[in-house]
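# Results of the structural survey
Each chain, written out:
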Amino acid sequence: KQEVTQIPAALSVPEGENLVLNCSFTDSAIYNLQWFRQDPGKGLTSLLLIQSSQREQTSGRLNASLDKSSGRSTLYIAASQPGDSATYLCAVSRFQAGTALIFGKGTTLSVSS
Amino acid sequence: GAGVSQSPRYKVAKRGQDVALRCDPISGHVSLFWYQQALGQGPEFLTYFQNEAQLDKSGLPSDRFFAERPEGSVSTLKIQRTQQEDSAVYLCASRGRGDYYGYTFGSGTRLTVV
């Protein structure tokens, strides 16, 4: 059974710091991996999607990497801002396309000004 | 519409009451998913539709939970005889054709059973 773990569970940093969020998964037979952001009381906003054949994706100050063989992904946030404060969720899709996402419990990030 | 729309945003139900939660996916999206998110947890899969066909309902926690998508667009998640443990945020997501596109989530319905 696929399990997704996110470390740390919570992180507090001062504005301007670069930071890394970690995600690990137990079964390397994934179709893709997606990072989401969730603001309190809100739904999920997709940040980056990495197909299993890709190694990384970048969007602005965000960079996500994927090492499928070791079952790991990282989300790198450069020059953090208070507006980055949210919960970041990692999710993997099972091998077959169109099937369910399996989520980690998330990392709650707080960026202080 | 431009995004996935869910209604109501908030629902308070008395224990034992039936509730119906609605999801309007992005127009033309074939795949539709329902997830349940308990406080402090990641979303957990409930059920999946491809068009009007419910292809996977393995995540539904009990036979009190029922979902439908009769015309392959709008979906309704129904919970009968609600219990306190049903209190959670219920998220709907849709996905377009093709392997490249990820999932688009709605804002969710927060259900509180009192």
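Let me begin by describing the structure that accompanies this report. (Residues numbered from 1 in each chain as written. Chains lettered and ligands numbered in written order. Predicted model: local features only at pLDDT ≥ 70, side-chain atom pairs only at ≥ 80, totals over all residues. Heavy atoms only, no water.)

### Comments concerning the overall build of chain B
If you tally the helices and strands in chain B, you get 0 helices and 11 strands. Listing every helix and strand of chain B by position from the N terminus yields β-β-β-β-β-β-β-β-β-β-β. Sequence-distant contacts in chain B: of pairs separated by 6 or more residues, those separated by 24 or more amount to 51%. Carbon together with sulfur atoms contributes 46% to the accessible area of chain B, which is approximately 5700 Å² in total. (Helix = DSSP H or I, 4+ residues; strand = E, 2+ residues; numbered from the N terminus. Contact = heavy atoms within 4.5 Å. Areas by Shrake-Rupley, 256 points an atom, 1.4 Å probe, with all protein chains shown as cover.)

### Quick notes on the sheet that holds strand β1 (residues 4–7) of chain A
Residue and element names in this part refer to chain A. Spatial ordering of the open sheet is given by β1-β3-β8-β7-β6, a layout of 5 strands whose pairing is antiparallel. Strands at the two margins of the open sheet, each flanked by one partner only, are β1 and β6 (56–59). Averaged over neighbouring strand pairs, the angle between their axes works out to 15° when direction is ignored. One ladder, built from 6 bridges, connects strand β3 (residues 19–25) with strand β8 (residues 72–77); its direction is antiparallel. When the sheet's bridge partners are listed, Ser24 is paired in β8 with Arg72. (Pairing = 2+ DSSP bridges. Axes fitted to C-alpha atoms, helices over the stretch in contact; angles between N-to-C directions.)

### Here's the deal with the interface of chain B and chain A
Counting residues at the interface gives 22 residues for chain B and 23 residues for chain A. The contact between chain B and chain A buries some 1700 Å² in all, and 49% of this surface belongs to carbon and sulfur atoms. The tally of links between chain B and chain A comes to 2 residue pairs in polar contact (both at pLDDT 80 or more). Every element with two or more residues in the side of chain B that touches chain A is listed here: β4 (31–37), β5 (44–50), β9 (88–95) and β10 (103–105) of chain B. Sort the elements by how many residues they give to the side of chain B that touches chain A and β4(B) lands first, with 3 residues. (Buried area = accessible area lost by both parts, 1.4 Å probe. Polar contact = N/O pair within 3.5 Å; in protein donor to acceptor, adjacent residues only side chain to side chain.)

### Focus: the state of the cysteines
Residue and element names in this part refer to chain B. Applying the stated criterion across every chain, the model contains 2 disulfides over all chains. At a sulfur-sulfur separation of 1.9 Å, the disulfide partner of Cys23 is Cys92. As the torsion about the S-S bond is roughly -65°, the Cys23-Cys92 disulfide counts as left-handed. Linking Cys23 in strand β3 (residues 19–24) with Cys92 in strand β9, this pair joins segments that are 69 residues apart in sequence. Side by side, Cys23 and Cys92 carry an identical accessibility label, which is buried. (Disulfide = S-S within 2.5 Å. Buried < 20%, exposed > 50% of the residue type's maximum accessible area, 1.4 Å probe, protein only.)

### Regarding the side chain of Ser94(B)
All names here are of chain B. When you line up the elements, Ser94 lands in strand β9. Judged by relative accessible area, Ser94 falls into the buried class, the value being 0%. Within polar-contact distance, the side chain of Ser94 engages the backbone nitrogen of Ile26 at 3.5 Å. Beyond its immediate chain neighbours, meaning those up to four positions away, Ser94 contacts Val4, Pro25, Ile26, His29, Ser31, Leu32, Gly102, Tyr103 and Thr104.

### What about the environment of Gln80(B)?
Residues and elements named next belong to chain B. Position of Gln80 among the secondary structure elements: in the loop between β8 (75–79) and β9. Accessibility expressed as a relative area gives 35% for Gln80, which makes it partly exposed. Residues Gln80 and Arg22, 58 residues apart in the sequence, show an inter-C-alpha distance of 15 Å. Once you skip the residues sitting within four places of it in the chain, Gln80 turns out to touch Gln17, Asp18, Asp63 and Arg64.

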